[in-house]
Amino acid sequence: MPDDSTAPGDRIDGVCRTVTEVNQRAKPHEIFHQTRPSTKVRFASIRVSRSATTTGGQMGPHIKILSSEIITNSGKTHLRDFQGKNLVMITGPAGSGKTSLLQTALYPLGAAYPLRRATKEHLDAVRLEIELGSHTYRLTRNMNTNTHSIEVRQNNTFLIRLDATGANGPTPASWIFEQLGMAKVFADTRVGVDKDPVSMADYLTVSYLTQDESDHQVMRHQTANAKRRVIFETATGLTNDHVEQCKAALREITRKFDAARAEHDRISDFLAEGSLTEATLRSDLAIAVDRLAAVKALLDELRAGAGPESGADDSASPGGDGPQRPPIPASCPTCTADLQHRRRRRRSCGLCLTPDPRRSDSTDSSAPDSGAPDPITEAFVERAQLTEKIKWIRRLLENYDRLKALSDSITRLKGDKERASAALQDAKEIASQNRSLLYELNDEFLQIIRSFKPPWFERRARIDFDNYLPVVEGETYNAMGSGIRVAVNIAYHLALIAVGMRTGGTYIPDILFIDSPRKNLGRNATDRDFANRIISCLLRFQQECADAGHPFQLILVDNDTPAVPTFDSRRISLCHDSPFIPGIQPDAG
């Protein structure tokens with residue numbers, strides 16, 4: 001195996017040590033009981049859990065929309081100033097552009113919402129002013145010239161150009177995650193079949209309850225349930241860096257282990273096809289090496305005895321284009337016998353043509369064999385044959401040596417896999433401690449549902465700990481009626497943001513978008529009263545969070561809202577005479 005085959009083991013050592021240290025420091029969250037005596041949402045009275053203390057009391061990622069500005073293709077600009085308020089209500093009748101205003105405001109964040117025809121045809125650019133963490137930025141996205149390019153400025157100073165596709169620069173998601181201090185965890189998170197990076201549209205499912213999905217999907221679970229699960233676990237901290245590091249290390253070790261096993265099997269099959277064992281090959285190699293040494297010595301002796309005229313190059317061989325064998329001298333340098341007119345007989349000396357005493361059958365010299373090679377030529381040929389044989393044997397033996405090295409690597413990698421699996425299990429156990437967050441989410445969800453006082457609710461509401469979807473009165477979300485789903489969905493998103501802000505150990509942002517909650521709640525008097533209770537609870541919930549020192553921005557889109565309290569709020573009213581895009585007809589979209 002290559003030298004880096006042991007690297008995963010070294011990395012696993014580090015991961016194991018890190019996981020062990022974290023495991024020693026970590027303590028489980030306090031497990032909250034599933035019921036509370038009061039039905040009122042009591043955010044202010046809930047104390048901060050362990051994860052908030054481990055992050056220095058900091059809350060989740062801070063995102064706040066300050067203003068949205070549209071530039072029409074006629075060159076006119078229209079600013080929708082949110083005035084930095086935590087409660088922004090966008091109201092107006094159907095067709096006035098409420099949803100378009102919200103979706104267009106999020107368009108510079110890289111979201112790819114299905115913008116209406118009027119939006120795409122009448123707008124030239126969208127500009128968004130936003131707080132990310134402790135800084136304010138202005139993002140501008142063109143609608144016509146390059147819909148993928150997003151320019152980022154701070155205090156009118158150009159900072160960076162983003163690309164919604166990621167082909168020509170960083171994506172909005174990667175840049176925003178970096179500003180929010182969560183680039184690492186989301187960089188390691190992959191979603192969907194193609195394992196794509198998390199986009200802003202994916203991330204915003206945690207905080208954006210859309211008009212089209214409020215009555216049939218929870219964070220798009222119907223169309224992207226596997227993706228939703230990954231995003232939920234990442235955003236809520238149910239997975240952590242240690243789990244992902246251990247998974248990555250285990251994947252790398254497994255890849256090398258499988259590669260080593262596959263190569264080991266290929267070499268084993270190849271060697272099994274032959275009849276020569278390693279012992280036989282090594283014995284043959286030793287014999288061939290000894291014989292080659294003897295042949296070389298004989299060749300040196302013959303060449304030395306033949307004199308300078310026979311000093312041919314080692315590469316000489318009979319025939320071919322290379323150097324020819326040395327010519328026979330006119331007389332024998334030993335006995336001075338005439339060599340020019342004598343015929344060489346079989347088993348005679350190649351130099352003097354007399355019977356060769358070194359041959360056992362040299363007595364039979366009567367048969368002439370003038371075409372037989374001389375000893376020097378024979379030595380050259382045998383040396384070449386032995387050299388090739390030794391190379392061939394050594395190549396075969398290299399396979400046996402490689403097989404041993406692979407066996408050793410497989411043994412080491414098998415141990416690394418066991419250690420990596422153990423480290424992953426330890427990391428998962430630590431992550432499972434964070435599952436106590438689900439108990440808090442479960443508890444918060446129940447209290448919010450109770451505060452709505454729905455006519456169909458008796459006493460049971462919970463979060464399924466396997467798929468993280470709401471269950472009310474024993475019914476799964478998919479089995480609920482349309483109006484019930486809307487109320488349950490709102491309670492679910494409120495519970496998410498409440499737990500995220502309270503624990504502080506999650507990546508749930510402190511912003512919530514709710515589009516047209518009344519749409520599917522019904523139209524009779526009872527339904528309208530229920531809708532008003534939901535909106536009132538929603539606004540009271542936000543006020544209690546602010547009183548507890550954890551304000552979050554709520555952007556509420558609806559045809560109308562109840563009387564607005566006097567605290568931190570801003571209303572943007574649209575109508576057919578003053579729609580989202582001034583100057584176009586209400587039915588243009």
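Since the structure is predicted, the reported quantities are computational estimates derived from the model, not experimental observations.

### Brief notes about the sheet that holds strand 12 (residues 470-472)
Whether parallel or antiparallel, the strands of a sheet pair through hydrogen bonds between backbone atoms.
So, step 1. Across the sheet, three strands lie side by side as 11-12-13; this open sheet has antiparallel pairing. Of all the strands in the sheet, just strand 11 (461-463) and strand 13 (475-476) have a single pairing partner and so form its edges.
So, step 2. Of the strand pairs in this sheet, strand 12 and strand 13 are connected by two bridges, and their pairing is antiparallel. Across the sheet, V472 pairs through a bridge with E475, a residue of strand 13.
So, step 3. Here helix 12 (residues 436-452) sits on the sheet and contacts strand 11 and strand 12; the angle it forms with strand 11, its principal contact strand, is near 150°.

### Things to note about the pairing of strand 5 (residues 135-142)
So, step 1. As judged from the eight bridges shared by strand 4 (residues 123-132) and strand 5, these two strands associate in the antiparallel manner. If you follow L132 over to strand 5, its bridge partner there is H135.
So, step 2. Between strand 4 and strand 5, which pair antiparallel and follow one another directly, the connecting turn spans two residues, one of which, G133, has a positive phi of 65°.
So, step 3. Where strand 5 meets strand 6 (residues 149-154), four bridges bridge the pair, whose relative direction is antiparallel. Pairing of L139 across the sheet is with V152, part of strand 6.

### A closer look at the sheet that holds strand 4
So, step 1. Judged by pairing direction, the sheet is antiparallel, and its six strands sit side by side in the order 2-1-4-5-6-7 without closing on themselves. With one partner strand each, in any of the chains shown, strand 2 (77-81) and strand 7 (157-163) form the two edges of the open sheet. Each neighbouring strand pair of the sheet contributes to a mean axis angle of 20°, computed without reference to strand direction.
So, step 2. Direction of pairing for strand 1 (residues 63-72) relative to strand 2: antiparallel, over a ladder of five bridges. Across the sheet, the residue bridging to S68 is R80, located in strand 2.
So, step 3. Along the sheet, helix 3 (residues 98-106) contacts strand 1, strand 2 and strand 4; its crossing angle with strand 4, the most-contacted strand, is approximately 70°.
So, step 4. Its contacts with the sheet put helix 5 (residues 172-179) on strand 4, strand 5, strand 6 and strand 7, and the angle it makes with strand 7 is roughly 130°.

### Structural notes on unusual backbone geometry
So, step 1. Although it is not a glycine, Q83 sits at a positive phi angle of roughly 60°.
So, step 2. In this fold, Q83 is placed in the loop between strand 2 and strand 3 (87-91).
So, step 3. Here the phi dihedral of N156 falls at roughly 65°; this positive angle occurs in a residue that is not glycine.
So, step 4. Along the chain, the position of N156 falls in the loop between strand 6 and strand 7.
So, step 5. N156 sits in the exposed class, given a relative accessible area of 67%.

### Section: the nonpolar core
So, step 1. With 100 residues, the main nonpolar core has F232, F445, F452, Y492 and F513 as its most contacted residues.
So, step 2. Sorting elements by how many residues they give to this core places helix 13 (residues 482-503) first, with 13 residues.
So, step 3. In this structure, F232 is in contact with M219, L238, L438, L441, Y468, Y492 and L496, ignoring residues within four places of it in sequence.

What counts and what doesn't
Residues numbered from 1 in each chain as written. Predicted model: local features only at pLDDT ≥ 70, side-chain atom pairs only at ≥ 80, totals over all residues. Heavy atoms only, no water. Pairing = 2+ DSSP bridges. Helix = DSSP H or I, 4+ residues; strand = E, 2+ residues; numbered from the N terminus. Contact = heavy atoms within 4.5 Å. Axes fitted to C-alpha atoms, helices over the stretch in contact; angles between N-to-C directions. Buried < 20%, exposed > 50% of the residue type's maximum accessible area, 1.4 Å probe, protein only. Core = buried A, V, L, I, M, F, W, Y, C linked by side-chain atoms within 4.5 Å.

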